[in-house]
Each structure stands twice: as C-alpha cells, then as structure tokens.
Amino acid sequence: MSEYRYIFIRPGFPRDQLIRDAAATCGAEIRPVDSEFVDYTANLGYAAVEVEFTHEYEEDHDSLFAVRDFNSNLERQEATARRIFKNLAALDRYELLLVRGLQERLASSGPTPQ
C-alpha cells in the first residue's frame, strides 16, 4: 500500500476560495472530477493532488489534499506535499496538518491570531 502524503485543512469553506488557493499553491489548474471520493484534482506532471471536501479520517479538519506521486517516488511525493503545505501556510488563512500515510504527523500550522 502506498504511503500518500495528506494535508488536512480547516476551514474548508468557502470551497471556491479553497480551490483557488489550492491551484495557486500547487502551480497547476485544479479541475472537478466525477468520483465517489475525490472532488477536484490537479495533474502536476509527475504527481496528482486530489481534493476531498469531506472525509472520514480527521474530525477537526473539513477538507483534505492527497498528494500521490505517479511513480511512487516517496521522497519527491513528500517534498511536493511539504511545498504545497508551506505555500498554503503562507496564506495565513487555514489550520493545516501534514501527515504521512494517515498516521505520522509531519507538520502543522495555523493562522496568526488577530
């Protein structure tokens, strides 16, 4: 089983803002997909970023980005996830949690208190 990298996000609303931010932080167009679990996806050429607006994994975070390397290159997959996480954190509007394989916490970040 592959060890994807996941970025949990709160708030996941408004969804259109989240998708615009996701596209900017990924550097790729994010398109809606007709899938049971995935709502949007971006093709980075070597990896996919999949956006789920609802999930069953982590109660405190509304949405989820999964980073999946097409060649199962785990180092590149993690580097990609960390870059996206860093770019999302720089927006200073989301509470974020970066995990490996849904079990290992790699990083967290939250907006600056006002």
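Rules of the game
Residues numbered from 1 in each chain as written. Predicted model: local features only at pLDDT ≥ 70, side-chain atom pairs only at ≥ 80, totals over all residues. Heavy atoms only, no water. Phe/Tyr/Trp six-rings, centres within 6.5 Å; stacked < 30°, edge-to-face > 60°. Helix = DSSP H or I, 4+ residues; strand = E, 2+ residues; numbered from the N terminus. Buried < 20%, exposed > 50% of the residue type's maximum accessible area, 1.4 Å probe, protein only. Salt bridge = Lys/Arg side-chain N within 4 Å of Asp/Glu carboxyl O. Core = buried A, V, L, I, M, F, W, Y, C linked by side-chain atoms within 4.5 Å. Contact = heavy atoms within 4.5 Å. Pairing = 2+ DSSP bridges. Axes fitted to C-alpha atoms, helices over the stretch in contact; angles between N-to-C directions. Expected span 1.5 Å × (residues − 1). Arc of directions from axis to C-beta.

Any chance you could break down the packing of aromatic side chains for me, citing the residues and the numbers?
The tally for this structure, following the rule as stated, stands at two aromatic pairs. Where Tyr40 meets Phe53, the ring centres are 5.7 Å apart and the plane angle is 70 degrees; that geometry is what we call edge-to-face. Taken together, the residues Tyr40 in strand S3 (residues 40-43) and Phe53 in the loop between strand S4 (47-52) and strand S5 (63-69) connect sequence positions 13 residues apart. For Phe53, a relative accessible area of 8% translates into the label buried.

Talk me through the pattern of salt bridges; I want residue IDs and the actual numbers.
Under the definition given, this model contains ten salt bridges. As a salt-bridge pair, Arg100 and Glu104 come within 2.5 Å of each other at their nearest N and O atoms. Connected via shared salt-bridge partners are Arg5, Glu78, Arg82, Arg100 and Glu104.

Before we move on, can you summarise the nonpolar core with the specific residues and values?
Counting residues in hydrophobic clusters, the biggest one holds 25 residues, and the most contacted among them are Ile7, Ile9, Val49, Phe65, Ile84 and Leu88. Breaking this core down by element, the ones donating at least two residues are strand S1 (5-10), helix H1 (15-26), S4, S5, helix H2 (74-90), strand S6 (95-100) and strand S7 (104-109). Look past the residues within four positions of Leu88 in its chain and what remains in contact with it is Ile7, Ile9, Asp21, Thr25, Phe65, Tyr94 and Leu96. Membership of the second largest hydrophobic core comes to six residues, among which are Tyr6, Leu64, Leu97 and Val99.

Requested: an account of unusual backbone geometry, with residues and values cited.
Here the amide bond leading from Arg10 into Pro11 is cis, since omega sits at -5 degrees, within 30 degrees of zero. The residue Pro11 is located in the loop between S1 and H1 in this model. Residues other than glycine seldom take positive phi values, yet Asp92 does so here, at roughly 60 degrees. Inspection of the secondary structure puts Asp92 in the loop between H2 and S6.

With reference to specific residues and values, describe the sheet that holds S4.
As summarised here, the arrangement of the seven strands in space is S2-S3-S4-S5-S1-S6-S7, forming an open sheet in which the pairing is antiparallel. The outermost strands of the open sheet, each flanked by one partner alone, are strand S2 (31-32) and S7. Bridge analysis of S4 against S5 gives six bridges, and the strand direction is antiparallel. The partner of Ala48 across the bridge, within S5, is Arg68. Sitting on the sheet, H1 is in contact with S1, S3, S4 and S5, with an inclination near 30 degrees to S5.

Before we move on, could you go through H1 and cite the residues and values that matter?
With twelve residues, H1 should cover 16 Å at 1.5 Å per step; its first-to-last C-alpha distance of 16 Å lies within 8% of that length. Among the residues of H1, Leu18, Ile19, Asp21, Ala22, Thr25 and Cys26 are the ones counted as buried. For H1, the buried positions fall inside an angular range of 165 degrees around the axis, keeping them on one side. Buried residues along H1 sit in contact with S1, S3, S4, S5 and H2. At the C-terminal side of H1, Gly27 shows a positive phi close to 75 degrees.

Limitation: the analysis is restricted to geometry and does not speak to function.
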